[in-house]
Amino acid sequence: SSIVQFDAWHWEDAVIKADDAVHLNWPTQYKRKGYGFGGGKGWELNKKYKEEVQKVKDHFKRAQAYAVHKPDDKDLAFDAMSGLFSGEKQLFVHLDAAKCLLDMIAFKKQFGLPNVVVVGGYRADKVADALKENDIPVLVQRVHSLPRYQHEDFDHPYKLPAALMDNGVLVALEGSGRMERMNSRNIPFYAGTTAAYGLTKEQALQLITHNTAKILGIDDRYGSLEKGKSATLFLSEGDALNMKGNKLIKAFIDGREISLESHQTQLYKKFKEKYAQQEK
(Lines give C-alpha, C1' and ligand atoms only; values in the text may rest on other atoms or scores of the structure.)
Protein backbone atom coordinates (compact mmCIF):
# COMPACT_ATOMS: atom_id res chain seq x y z
CA SER A 1 0.00 0.00 0.00
CA SER A 2 0.96 3.64 -0.43
CA ILE A 3 0.10 6.88 1.36
CA VAL A 4 -1.56 9.58 -0.72
CA GLN A 5 -3.28 12.95 -0.45
CA PHE A 6 -6.37 13.62 -2.54
CA ASP A 7 -5.72 17.06 -4.04
CA ALA A 8 -3.85 15.74 -7.06
CA TRP A 9 -3.98 15.39 -10.84
CA HIS A 10 -2.45 11.89 -11.00
CA TRP A 11 -0.93 9.28 -8.70
CA GLU A 12 2.60 10.68 -8.91
CA ASP A 13 1.24 14.03 -7.73
CA ALA A 14 -0.83 12.39 -4.97
CA VAL A 15 1.77 10.08 -3.46
CA ILE A 16 3.38 10.88 -0.10
CA LYS A 17 5.06 7.49 0.38
CA ALA A 18 4.96 4.92 -2.44
CA ASP A 19 4.94 1.14 -1.87
CA ASP A 20 5.23 1.83 1.83
CA ALA A 21 3.76 -1.34 3.35
CA VAL A 22 2.72 -4.96 2.92
CA HIS A 23 -0.58 -6.33 4.28
CA LEU A 24 -1.03 -9.78 5.81
CA ASN A 25 -4.37 -11.39 6.66
CA TRP A 26 -3.44 -13.56 9.64
CA PRO A 27 -5.18 -16.97 9.80
CA THR A 28 -8.25 -17.08 12.04
CA GLN A 29 -8.44 -19.35 15.09
CA TYR A 30 -12.21 -19.71 14.82
CA LYS A 31 -14.60 -19.59 11.87
CA ARG A 32 -18.26 -18.63 11.77
CA LYS A 33 -20.79 -21.42 11.34
CA GLY A 34 -23.40 -18.90 10.25
CA TYR A 35 -24.25 -15.22 10.27
CA GLY A 36 -26.02 -12.81 12.58
CA PHE A 37 -25.49 -11.23 16.01
CA GLY A 38 -23.20 -13.24 18.23
CA GLY A 39 -21.97 -15.37 15.32
CA GLY A 40 -25.32 -16.63 14.03
CA LYS A 41 -25.11 -20.38 14.50
CA GLY A 42 -21.96 -19.96 16.55
CA TRP A 43 -18.29 -20.51 15.94
CA GLU A 44 -16.20 -23.56 15.24
CA LEU A 45 -12.51 -24.18 15.77
CA ASN A 46 -10.36 -23.76 12.68
CA LYS A 47 -8.65 -27.14 12.69
CA LYS A 48 -6.17 -25.95 10.08
CA TYR A 49 -5.06 -22.87 12.04
CA LYS A 50 -1.56 -24.18 12.91
CA GLU A 51 -1.09 -25.43 9.36
CA GLU A 52 -2.09 -22.05 7.93
CA VAL A 53 0.25 -20.18 10.30
CA GLN A 54 3.08 -22.50 9.27
CA LYS A 55 2.41 -21.66 5.61
CA VAL A 56 2.80 -17.97 6.46
CA LYS A 57 6.08 -18.68 8.25
CA ASP A 58 7.39 -20.78 5.35
CA HIS A 59 6.58 -17.98 2.93
CA PHE A 60 8.40 -15.43 5.10
CA LYS A 61 11.43 -17.74 5.42
CA ARG A 62 11.71 -17.85 1.64
CA ALA A 63 11.20 -14.10 1.40
CA GLN A 64 13.88 -13.50 4.03
CA ALA A 65 16.34 -15.73 2.20
CA TYR A 66 15.53 -13.89 -1.03
CA ALA A 67 16.21 -10.52 0.66
CA VAL A 68 19.62 -11.73 1.86
CA HIS A 69 20.89 -13.47 -1.28
CA LYS A 70 19.32 -11.25 -3.99
CA PRO A 71 19.09 -13.88 -6.77
CA ASP A 72 19.39 -12.83 -10.40
CA ASP A 73 15.93 -14.17 -11.20
CA LYS A 74 13.58 -11.58 -9.74
CA ASP A 75 10.50 -12.79 -7.87
CA LEU A 76 8.02 -9.92 -7.69
CA ALA A 77 6.27 -11.18 -4.55
CA PHE A 78 9.50 -11.67 -2.58
CA ASP A 79 10.98 -8.48 -3.98
CA ALA A 80 8.01 -6.50 -2.63
CA MET A 81 8.62 -8.00 0.82
CA SER A 82 12.35 -7.28 1.01
CA GLY A 83 11.87 -3.97 2.81
CA LEU A 84 10.03 -5.64 5.68
CA PHE A 85 13.17 -7.20 7.14
CA SER A 86 15.25 -4.01 6.93
CA GLY A 87 12.52 -1.82 8.38
CA GLU A 88 12.06 0.20 5.19
CA LYS A 89 8.47 -1.06 4.91
CA GLN A 90 5.77 -1.71 7.47
CA LEU A 91 3.79 -4.92 7.86
CA PHE A 92 0.10 -4.34 8.51
CA VAL A 93 -1.34 -7.51 10.03
CA HIS A 94 -5.12 -7.84 9.97
CA LEU A 95 -6.31 -9.91 12.95
CA ASP A 96 -8.53 -9.77 16.03
CA ALA A 97 -8.29 -12.74 18.44
CA ALA A 98 -6.01 -12.57 21.51
CA LYS A 99 -4.42 -15.97 20.78
CA CYS A 100 -3.71 -14.89 17.20
CA LEU A 101 -2.23 -11.62 18.44
CA LEU A 102 0.18 -13.49 20.72
CA ASP A 103 1.13 -15.86 17.89
CA MET A 104 1.73 -12.86 15.64
CA ILE A 105 4.01 -11.24 18.25
CA ALA A 106 6.06 -14.45 18.39
CA PHE A 107 6.16 -14.39 14.59
CA LYS A 108 7.41 -10.77 14.64
CA LYS A 109 10.24 -11.78 17.00
CA GLN A 110 11.12 -14.88 14.97
CA PHE A 111 11.68 -12.88 11.80
CA GLY A 112 13.02 -9.73 13.44
CA LEU A 113 10.39 -7.52 11.81
CA PRO A 114 10.99 -3.93 12.99
CA ASN A 115 7.73 -2.27 11.91
CA VAL A 116 4.52 -4.20 12.54
CA VAL A 117 1.05 -2.66 12.91
CA VAL A 118 -2.13 -4.47 13.99
CA VAL A 119 -5.23 -3.66 11.94
CA GLY A 120 -8.55 -4.45 13.62
CA GLY A 121 -7.37 -5.72 16.99
CA TYR A 122 -10.83 -6.45 18.39
CA ARG A 123 -9.34 -8.39 21.32
CA ALA A 124 -6.14 -6.33 21.56
CA ASP A 125 -7.09 -5.09 25.03
CA LYS A 126 -6.53 -8.65 26.33
CA VAL A 127 -2.84 -8.53 25.30
CA ALA A 128 -2.18 -4.78 25.61
CA ASP A 129 0.94 -5.28 27.76
CA ALA A 130 2.52 -7.54 25.14
CA LEU A 131 1.72 -5.06 22.38
CA LYS A 132 3.30 -2.22 24.31
CA GLU A 133 6.37 -4.30 25.20
CA ASN A 134 6.93 -5.10 21.52
CA ASP A 135 6.15 -1.57 20.30
CA ILE A 136 3.21 -2.62 18.14
CA PRO A 137 0.58 0.06 17.44
CA VAL A 138 -3.05 -0.74 16.66
CA LEU A 139 -5.38 0.65 14.01
CA VAL A 140 -8.69 -0.06 15.72
CA GLN A 141 -11.71 -1.12 13.68
CA ARG A 142 -14.81 1.04 13.40
CA VAL A 143 -15.99 1.82 16.91
CA HIS A 144 -19.58 2.19 15.64
CA SER A 145 -20.03 -1.57 15.73
CA LEU A 146 -22.02 -4.11 17.69
CA PRO A 147 -20.17 -6.38 20.14
CA ARG A 148 -19.28 -9.64 18.45
CA TYR A 149 -20.04 -11.98 21.35
CA GLN A 150 -23.12 -12.19 23.55
CA HIS A 151 -21.13 -12.17 26.81
CA GLU A 152 -19.43 -8.84 26.03
CA ASP A 153 -20.36 -5.38 27.24
CA PHE A 154 -22.54 -3.52 24.74
CA ASP A 155 -19.93 -0.75 24.59
CA HIS A 156 -16.84 -2.91 24.06
CA PRO A 157 -16.09 -1.41 20.60
CA TYR A 158 -16.60 2.13 21.94
CA LYS A 159 -14.14 1.83 24.81
CA LEU A 160 -11.47 -0.33 23.14
CA PRO A 161 -9.23 2.65 22.13
CA ALA A 162 -9.22 3.98 25.71
CA ALA A 163 -8.43 0.52 27.12
CA LEU A 164 -5.40 0.24 24.82
CA MET A 165 -4.16 3.80 25.36
CA ASP A 166 -4.44 3.39 29.15
CA ASN A 167 -1.91 0.56 28.76
CA GLY A 168 0.50 2.65 26.69
CA VAL A 169 -0.36 1.32 23.23
CA LEU A 170 -0.23 3.76 20.30
CA VAL A 171 -3.73 3.76 18.78
CA ALA A 172 -5.44 5.26 15.74
CA LEU A 173 -8.77 4.56 14.05
CA GLU A 174 -9.52 2.86 10.72
CA GLY A 175 -12.74 2.23 8.85
CA SER A 176 -12.28 -0.96 6.87
CA GLY A 177 -15.29 -3.13 6.19
CA ARG A 178 -18.41 -2.78 4.11
CA MET A 179 -19.02 0.46 2.20
CA GLU A 180 -15.66 1.94 3.19
CA ARG A 181 -15.84 4.91 0.85
CA MET A 182 -19.22 6.04 2.16
CA ASN A 183 -18.35 5.38 5.80
CA SER A 184 -15.18 7.49 5.63
CA ARG A 185 -17.45 10.47 6.39
CA ASN A 186 -18.07 8.99 9.85
CA ILE A 187 -14.40 8.88 10.91
CA PRO A 188 -14.69 12.13 12.96
CA PHE A 189 -17.68 10.68 14.77
CA TYR A 190 -15.86 7.42 15.52
CA ALA A 191 -13.32 9.59 17.33
CA GLY A 192 -16.10 11.55 19.04
CA THR A 193 -17.58 8.36 20.45
CA THR A 194 -14.26 7.42 22.06
CA ALA A 195 -14.34 10.79 23.85
CA ALA A 196 -17.54 9.66 25.54
CA TYR A 197 -15.98 6.34 26.55
CA GLY A 198 -12.75 7.07 28.36
CA LEU A 199 -10.72 9.54 26.29
CA THR A 200 -10.39 13.30 26.40
CA LYS A 201 -11.39 15.32 23.32
CA GLU A 202 -7.70 15.99 22.65
CA GLN A 203 -6.86 12.27 22.77
CA ALA A 204 -9.85 11.46 20.57
CA LEU A 205 -8.75 14.00 17.96
CA GLN A 206 -5.26 12.47 17.94
CA LEU A 207 -6.78 9.11 16.95
CA ILE A 208 -7.50 10.53 13.48
CA THR A 209 -4.62 13.01 13.19
CA HIS A 210 -1.32 12.83 15.07
CA ASN A 211 -1.44 9.17 16.09
CA THR A 212 -2.31 8.11 12.56
CA ALA A 213 0.61 10.10 11.17
CA LYS A 214 2.95 8.49 13.74
CA ILE A 215 1.85 4.99 12.77
CA LEU A 216 2.24 5.75 9.06
CA GLY A 217 5.67 7.30 9.67
CA ILE A 218 4.77 10.73 8.27
CA ASP A 219 4.45 12.68 11.54
CA ASP A 220 7.46 14.80 10.58
CA ARG A 221 5.20 16.46 7.96
CA TYR A 222 1.60 15.70 8.90
CA GLY A 223 -0.71 15.07 11.83
CA SER A 224 -0.30 18.19 13.97
CA LEU A 225 -0.25 21.96 13.63
CA GLU A 226 3.40 22.91 13.96
CA LYS A 227 5.79 25.28 12.26
CA GLY A 228 7.54 23.61 9.32
CA LYS A 229 4.85 20.96 8.78
CA SER A 230 2.38 20.69 5.92
CA ALA A 231 -0.65 22.99 6.19
CA THR A 232 -3.13 20.12 5.95
CA LEU A 233 -6.06 21.05 8.17
CA PHE A 234 -9.74 21.97 8.37
CA LEU A 235 -11.83 24.60 10.12
CA SER A 236 -15.18 23.78 11.72
CA GLU A 237 -17.76 26.17 13.11
CA GLY A 238 -18.50 23.73 15.93
CA ASP A 239 -17.16 20.54 17.49
CA ALA A 240 -15.90 18.56 14.49
CA LEU A 241 -16.16 15.27 16.43
CA ASN A 242 -19.87 15.77 17.13
CA MET A 243 -22.55 15.28 14.48
CA LYS A 244 -24.38 18.36 15.76
CA GLY A 245 -21.32 20.59 15.65
CA ASN A 246 -19.47 19.29 12.61
CA LYS A 247 -19.83 22.05 10.03
CA LEU A 248 -16.68 22.44 7.97
CA ILE A 249 -16.13 25.86 6.47
CA LYS A 250 -12.54 25.56 5.19
CA ALA A 251 -10.13 22.73 4.35
CA PHE A 252 -6.53 22.72 3.13
CA ILE A 253 -4.16 20.07 1.77
CA ASP A 254 -0.48 21.02 1.69
CA GLY A 255 -1.49 24.66 1.99
CA ARG A 256 -3.95 24.57 -0.92
CA GLU A 257 -7.58 25.39 -0.11
CA ILE A 258 -9.85 22.64 -1.44
CA SER A 259 -13.49 22.94 -2.48
CA LEU A 260 -16.10 21.62 -0.07
CA GLU A 261 -18.80 21.81 -2.74
CA SER A 262 -20.66 18.55 -3.35
CA HIS A 263 -23.97 17.26 -4.66
CA GLN A 264 -25.34 17.52 -1.12
CA THR A 265 -24.29 21.16 -0.65
CA GLN A 266 -25.78 22.05 -4.04
CA LEU A 267 -29.11 20.49 -3.08
CA TYR A 268 -29.03 22.23 0.31
CA LYS A 269 -28.58 25.65 -1.32
CA LYS A 270 -31.23 24.92 -3.94
CA PHE A 271 -33.97 23.98 -1.51
CA LYS A 272 -32.96 26.56 1.08
CA GLU A 273 -33.57 29.21 -1.59
CA LYS A 274 -36.86 27.54 -2.63
CA TYR A 275 -38.35 27.59 0.85
CA ALA A 276 -37.02 31.08 1.49
CA GLN A 277 -38.99 32.30 -1.52
CA GLN A 278 -42.15 30.59 -0.26
CA GLU A 279 -41.91 32.44 3.05
CA LYS A 280 -41.93 35.87 1.35
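Just so it is clear, the structure is predicted and the values come from calculations on it, not from any experiment. (Residues numbered from 1 in each chain as written. Predicted model: local features only at pLDDT ≥ 70, side-chain atom pairs only at ≥ 80, totals over all residues. Heavy atoms only, no water.)

Peer 1: Honestly, unusual backbone geometry in this entry has me stumped. Any pointers?
Peer 2: Excluding glycine, most residues fall at negative phi; most peptide bonds, likewise, are trans. Phi at D19 takes a positive value of approximately 45°, unusual for a residue other than glycine. Summarising the element assignment, D19 is placed in the loop between β2 (15-17) and β3 (21-25). Even without glycine at this site, D254 takes up a positive phi of about 50°. Along the chain, D254 falls in the loop between β11 (248-253) and β12 (256-257). (Helix = DSSP H or I, 4+ residues; strand = E, 2+ residues; numbered from the N terminus.)

Peer 1: Can you walk me through the nonpolar core in this structure?
Peer 2: For soluble globular proteins, nonpolar side chains are generally found buried alongside one another. W26, F60, L91 and M104 are the most contacted members of the largest nonpolar core, which has 47 residues in total. By residue number, the principal contributor to this core is helix α2 (residues 49-69), which donates 7 residues. Sequence-distant contacts of M104, defined by excluding residues within four places in its chain, comprise W26, V93, L95, V116, V118 and I136. V117, V119, L139 and I215 belong to the second-largest nonpolar core, a separate cluster that totals 7 residues. (Core = buried A, V, L, I, M, F, W, Y, C linked by side-chain atoms within 4.5 Å. Buried < 20%, exposed > 50% of the residue type's maximum accessible area, 1.4 Å probe, protein only. Contact = heavy atoms within 4.5 Å.)

Peer 1: Help me understand the packing of α2 against helix α3 (residues 76-86) in this model?
Peer 2: Packed helices, taken two at a time, are described by their axes: the angle between them and the distance between them. Taken N-terminus to C-terminus, the directions of α2 and α3 make an angle of 85°; their axes are 8 Å apart at the nearest point. Between α2 and α3, the interaxial angle falls into the category roughly perpendicular. Along the contact surface, α2 presents H59, F60, R62, A63, Q64, Y66 and A67, while α3 presents F78, D79, M81, S82, L84 and F85. Looking at side-chain class alone, the contact of α2 with α3 contains 8 nonpolar, 3 polar and 2 charged residues. (Axes fitted to C-alpha atoms, helices over the stretch in contact; angles between N-to-C directions. Parallel < 35°, antiparallel > 145°, perpendicular 65-115°, else oblique. Nonpolar A, V, L, I, M, F, W, Y, C, P; charged D, E, K, R; others polar.)

Peer 1: I tried to follow the sheet that holds strand β8 (residues 138-140) on my own but got confused; where do I start?
Peer 2: Backbone hydrogen bonds are what pair the strands of a sheet, in a parallel or an antiparallel way. Taken together, 5 strands build an open sheet; the order of strands is β3-β6-β7-β8-β9 and the sheet is parallel. Two strands close off the open sheet at either side, each with one partner strand: β3 and β9 (171-173). Adjacent strand axes in the sheet meet at a mean angle of 25° when their direction is disregarded. The pairing of β8 with β9 spans 3 bridges and is classified as parallel. Looking across to β9, one finds that L139 is bridged to A172. (Pairing = 2+ DSSP bridges.)

Shape is all these values report; function is a separate question.
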